[in-house]
Amino acid sequence: QVQLVESGGGLVQAGGSLRLSCAASGRPMGQYTMGWFRRVPGKEREFVAAIRWRSGRSYIPSRVEGRVTIVADSAKNTGYLQLDSLTPEDTGVYYCAADPTIDPSSIFDPRRYAYWGQGIQVTVSS
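Definitions and cut-offs
Residues numbered from 1 in each chain as written. Predicted model: local features only at pLDDT ≥ 70, side-chain atom pairs only at ≥ 80, totals over all residues. Heavy atoms only, no water. Helix = DSSP H or I, 4+ residues; strand = E, 2+ residues; numbered from the N terminus. Rg over C-alpha atoms; globule rule 2.2 N^0.38 Å. Buried < 20%, exposed > 50% of the residue type's maximum accessible area, 1.4 Å probe, protein only. Contact = heavy atoms within 4.5 Å. Areas by Shrake-Rupley, 256 points an atom, 1.4 Å probe, with all protein chains shown as cover. Lys, Arg positive; Asp, Glu negative; His and termini not counted. Charge placed at Lys NZ, Arg CZ, Asp CG, Glu CD. Phe/Tyr/Trp six-rings, centres within 6.5 Å; stacked < 30°, edge-to-face > 60°. Lys NZ or Arg CZ within 6 Å of the ring centre and 35° of its normal. Disulfide = S-S within 2.5 Å. Pairing = 2+ DSSP bridges.

Participant: Even after reading the chapter, I still don't get the overall build of the protein chain, so can you show me in this structure?
Facilitator: Helix and strand counts for the protein chain come out as zero helices and eleven strands. Each helix and strand of the protein chain, placed in order from N terminus to C terminus, yields the pattern β-β-β-β-β-β-β-β-β-β-β. The C-alpha radius of gyration of the protein chain comes to 13 Å, within 12% of the 14 Å expected for a compact globule of 126 residues. Across its three principal directions, the C-alpha atoms of the protein chain cover 40 × 30 × 25 Å. By the burial criterion, 46% of the 126 residues in the protein chain qualify as buried. A sequence separation of at least 24 residues applies to 58% of the contacts in the protein chain between residues at least 6 apart. Here the protein chain has roughly 6,400 Å² of accessible surface; of this, 49% comes from carbon and sulfur atoms. When the 14 positive and 11 negative side-chain charges of the protein chain are each reduced to one mean point, those points stand 4 Å apart.

As structure tokens, this is what we get:
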């Protein structure tokens, strides 16, 4: 079993930055893919970024490319999501997720992740 705990959310003004953390316990993340998703009211979970822990390869959709960075710290078994140039449209609950078996074609699909954190609120004021 893998437990994931997010931290680092909060309230920030438009144009600001936040760094979200996802601390993993229970298993070393070396064989895992970690993904970040966000949920806004009335919408499905939206893919934000993912990283393959062992290779360090990241996957970031074009709509947030240039504003989002994802990194993995093996020493701390913790992943980080850096959010820059935030806008009110970035407001939502952010979740980290992990799975050991995802192939690249499915990395954007939340249904493919077995383990989830509890989520953390990010609010961007205008």
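Participant: Would you mind going over the packing of aromatic side chains with me for this structure?
Facilitator: The way to describe two aromatic rings as a pair is by their centre distance and the angle between their planes. Enumeration over the complete set of coordinates arrives at seven aromatic pairs. A centroid spacing of 5.3 Å and a plane angle of 45° characterise the contact between Phe37 and Trp116, whose relative ring orientation is tilted. Within this pair, whereas Phe37 is found in strand S4 (residues 33-39), its partner Trp116 is found in strand S10 (residues 115-116), the two being separated by 79 residues in sequence. Judged by its relative accessible area of 25%, Trp116 falls in the partly exposed class. Arranged with centres 6.2 Å apart and planes meeting at 75°, the rings of Tyr95 and Trp116 form a pair that is edge-to-face. One end of the pair, Tyr95, is in strand S9 (residues 92-99); the other, Trp116, is in strand S10, and 21 residues separate them in sequence. A network of ring pairs unites the aromatic residues Phe37, Phe47, Tyr95, Phe108, Tyr113 and Trp116 as a single cluster. Lying across the ring of Trp116, Arg45 places its NZ or CZ 4.5 Å from the centre.

Participant: Would you explain the state of the cysteines in this entry?
Facilitator: In a disulfide, the sulfur atoms of two cysteines are covalently bonded to one another. Taken as a whole and assessed by the stated rule, the structure comprises one disulfide. In this model, Cys22 is linked to Cys96 through a disulfide, with the two sulfur atoms separated by 2.0 Å. Taking the sign of the S-S torsion, 60° for the link of Cys22 and Cys96, the bridge is right-handed. Of this pair, Cys22 sits in strand S3 (residues 18-25) while Cys96 sits in strand S9, and the two are 74 residues apart along the sequence. We note that Cys22, like Cys96, is buried.

Participant: Hey, could you run me through the pairing of strand S1 (residues 3-7) in this one?
Facilitator: Each regular strand carries side chains that alternate between the two faces of the sheet. Covered by surrounding structure in S1 are Leu4 and Glu6 only, the residues Gln3, Val5 and Ser7 on the alternate face being uncovered. One ladder, built from five bridges, connects S1 with S3; its direction is antiparallel. If you follow Val5 over to S3, its bridge partner there is Ala23.

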